[in-house]
Amino acid sequence: MASHLKKTTVALAALLAGGALLLSLDGQAREGAPSAVEPCAGASGWDLACLRQTYARPIAGWPRPQVADGVTPAELAPVSAMPVPSLAPAVVALGQRLFNDPRLSRSNAVACLSCHSPAHSFADSKRVSVGHEGRLGQRNTPGLLGVAQIKPLFWDGRASSLEEQALGPLQHADEMAMDVPALPAKLAALDDYTAQFDAAFGQGAGVTLPRILTALADYQRTLLPPVTRFDTFLEGERTALNDRELLGLHLFRTKARCMTCHSGALLTDQQFHNLGLTYYGRKKYEDLGRYLVTGKDGDVGKFRTPGLRGVAQSGPWMHNGLFPQMVGLLNMYNAGMSRPVPHNAQQAVDPKFPVTSPLLQPLQLTSDEIIALKSFLEVL
C-alpha cells in the first residue's frame, strides 16, 4: 500500500504541474491559480479580506455549494442543531459501564472501548480493527460521534438500529467472539450487575440480552460531537476560524465539491458510494461493500459516507484504513479517486465489475489549497 501511495503522490505532482502562480497563505509563490470566476480569487491568489467579508454574512448569504449535478446538499449546521435524545440516565450509565467492560467478550480482554476510543472520535488509530485473540478485521473501525443520527449502520449498512449494531461485534468471531446466549448469565454473576439492571429497567427485571443491547445503544445515542471552533463560527463568531481554516471552509463548499457527499450537521449524506477502492478480484483485499447486504450488482464496492465530525482524530481513513495521512487522502480526492477499468473480455461483461461513482471528478486543487482544506477538516 505504501508503494501505491507513493505512485499516487508522484502522479499527482505531475497532475498539478503547470499553471499560473498562486500566492499562498505563507506568502510564497505556488503553481496553479484559482479559477477566475471566483469573486475572491485572482491571478495573485486568494483575497482573504474578501473571504472574510463574504463569510461575515448570514449562512444563507454564503456562496452556494458547488456539487455534482442532481445533488441537493443540506446546509452545514452546528452541533446544537442535532436533536438531544431523551433517555433514562440509569440506562445510559449502565450502557457506559457495559461499553467499557472487556468481560462482555469471550476472552475478557476486548471491550467496545477497545476499538471505539474517545481519544479517536470513538474510532481507533489502527488500519483495521483488532479483536478476539488479536484477530484482524477486514474494515476500519467507524467513529461513533453523532451515531444516533446514522441509519443504516456499519460501512455496508447491514444494521437498521443501534441495538442490532451492538449485537454484531459481541458475537463476531473476529471481534468480541462472545457466546451471546450465555452473556446474561455471565454478567448476572459479576459484581453488582443484577442490581444495576434492576435499577435501570425496574425491580426484578434482571439481566437479559435485549436489555444489554438497549443499554449499549442508549449510551451510544448520547455520543454527540463536541462543540468546536467550527460550531462557534457557524453560530456567528466569525473570527473563530483563522485565515487558512476559512479558506479551507470555502474550498470545502466550492472548488473541492466536498458537500456533494458531506453536508448537514454531521457532514454526511448517509448514502452509499463507490470510491474505486474495492480491489475487485483480489482475494486478499477485495471487499464488495453494500453488495454483501443487498445482493445488487450495482452496489459492489459501495460504502456509507462517514460523517466528518472529529475526522482528524479518527484516522487512518476509508473503509479499509488505506490512508494513514490526510494529505494523501485529499490528494486522491483531488485526482478524482481510483477508476478501475476491465482488463479483459471477461471483466468487460462482468455485471459485478465495480464502477467508481460519477460524483467524483478531478478537482485541480493546488498543494496550498489541499493544506487549507486539511486545516479546515482538523477543526471539525
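Naming follows an unreviewed UniProt entry, where the protein chain appears as Cytochrome-c peroxidase of Janthinobacterium tructae. Under the Subcellular location (unreviewed entry) heading, UniProt states for the protein chain: "Cell envelope".

Caption draft 1: How the structure looks around the overall build of the protein chain. When you go through the protein chain residue by residue, the secondary structure sums to 14 helices and six strands. At 23 Å, the protein chain has a C-alpha radius of gyration in line with the 21 Å of a compact globule built from 380 residues. With the principal axes as the frame, the protein chain shows a C-alpha extent of 75 × 55 × 35 Å. With 380 residues in all, the protein chain has 49% of them scored as buried. Taking contacts inside the protein chain between residues at least 6 apart in sequence as the whole, the part at least 24 apart equals 66%. For the protein chain, the exposed surface amounts to about 17500 Å²; the carbon and sulfur share of it is 55%. Distance from the positive charge centre (35 side chains) to the negative charge centre (33 side chains) of the protein chain: 4 Å.

Caption draft 2: Spatial organisation of the side chain of Asp124. Topologically, Asp124 is positioned in the loop between α4 (112-115) and α5 (162-171). Despite its burial, Asp124 remains without a salt bridge, the nearest opposite charge being carried by Lys126 at 4.9 Å. Looking at Asp124, its side chain comes within polar contact range of the side chain of Thr141, at 3.2 Å. When near neighbours in sequence (up to four residues on either side) are disregarded, Asp124 contacts Cys115, Ser129, Thr141, Ser314 and Gly315.

Caption draft 3: Local environment of the pattern of salt bridges. Under the criterion given, the structure shown has 18 salt bridges. With its nearest N and O atoms 3.4 Å apart, the salt bridge here joins Arg135 to Glu133. Its relative accessible area of 34% is what places Arg135 among the partly exposed residues. In this structure, the salt-bridge partner of Glu378 is Lys374, at a minimum N-O distance of 2.5 Å.

Caption draft 4: Region of interest: the state of the cysteines. In this structure the tally under the stated criterion is one disulfide. Put simply, Cys40 and Cys50 are joined by a disulfide, and their sulfur atoms are 2.0 Å apart. Between Cys40 and Cys50, the S-S torsion sits near -65 degrees, and that sign places the bridge as left-handed. Of the two residues, Cys40 sits in the loop between β2 (29-31) and β3 (41-42) while Cys50 sits in helix α2 (residues 48-55), which places them ten residues apart along the sequence. Considered together, Cys40 and Cys50 belong to a single accessibility category, that of buried residues. Of all cysteine sulfurs, the one in Cys258 lies closest to Cys261, which takes part in no disulfide; the gap is 9.4 Å.

Caption draft 5: A look at α5. All of the buried residues in α5 are Leu162, Gln165, Ala166, Pro169 and Leu170. Seen end-on, α5 carries its buried residues on one side only, within an arc spanning 140 degrees. Where α5 is buried, its residues touch α6 (183-188) and α8 (209-221).

Caption draft 6: Spatial organisation of the UniProt feature "domain: Cytochrome c" (unreviewed entry) in the protein chain. UniProt records the feature "domain: Cytochrome c" (unreviewed entry) for residues 90-191 in the present numbering. Annotated as 30% helix and 0% strand, the span residues 90-191 places its first and last C-alpha atoms 17 Å apart.

Caption draft 7: Highlighting the packing of aromatic side chains. Across all of its chains, the model carries ten aromatic pairs by this definition. With a centroid separation of 5.4 Å and an interplanar angle of 45 degrees, the aromatic rings of Tyr279 and Tyr285 are classed as tilted. The rings of Tyr55, Trp62 and Phe233 are connected pair by pair, giving a single aromatic cluster. Just above the ring of Tyr193 sits the side chain of Arg97; from NZ or CZ to the centre is 3.9 Å. Stacked on the ring of Phe272, the Lys or Arg Arg290 has its end atom at 4.3 Å from the ring centre.

Caption draft 8: Geometry of the confidence of the model for the protein chain. Counting all residues, the mean pLDDT for the protein chain is 91, and 91% of those residues have values of 70 or more. Within the model, pLDDT remains below 50 along residues 1-36, and this stretch shows 61 contacts once partners closer than five positions in the same chain are excluded.

Caption draft 9: Inspection of the layout of surface pockets at higher detail. Reported here for the second largest pocket is a volume of approximately 320 Å³. Lining the second largest pocket are 15 residues; nearest its centre among them are Gly276, Tyr279, Arg282, Ser338 and Pro340. When grouped by side-chain class, the residues that make up the lining of the second largest pocket number seven nonpolar, seven polar and one charged.

Analysis parameters
Residues numbered from 1 in each chain as written. Predicted model: local features only at pLDDT ≥ 70, side-chain atom pairs only at ≥ 80, totals over all residues. Heavy atoms only, no water. UniProt positions renumbered as here; feature names shortened; annotations may be inferred. Helix = DSSP H or I, 4+ residues; strand = E, 2+ residues; numbered from the N terminus. Rg over C-alpha atoms; globule rule 2.2 N^0.38 Å. Buried < 20%, exposed > 50% of the residue type's maximum accessible area, 1.4 Å probe, protein only. Contact = heavy atoms within 4.5 Å. Areas by Shrake-Rupley, 256 points an atom, 1.4 Å probe, with all protein chains shown as cover. Lys, Arg positive; Asp, Glu negative; His and termini not counted. Charge placed at Lys NZ, Arg CZ, Asp CG, Glu CD. Salt bridge = Lys/Arg side-chain N within 4 Å of Asp/Glu carboxyl O. Polar contact = N/O pair within 3.5 Å; in protein donor to acceptor, adjacent residues only side chain to side chain. Disulfide = S-S within 2.5 Å. Arc of directions from axis to C-beta. Phe/Tyr/Trp six-rings, centres within 6.5 Å; stacked < 30°, edge-to-face > 60°. Lys NZ or Arg CZ within 6 Å of the ring centre and 35° of its normal. pLDDT = per-residue confidence, 0-100. 1 Å grid on protein atoms, 1.4 Å probe; cavity = no way out; pocket = protein on both sides within 12 Å on 5 of 7 lines; lining within 4 Å. Points joined across faces, edges and corners; volume = space filled by probe spheres on them. Nonpolar A, V, L, I, M, F, W, Y, C, P; charged D, E, K, R; others polar.

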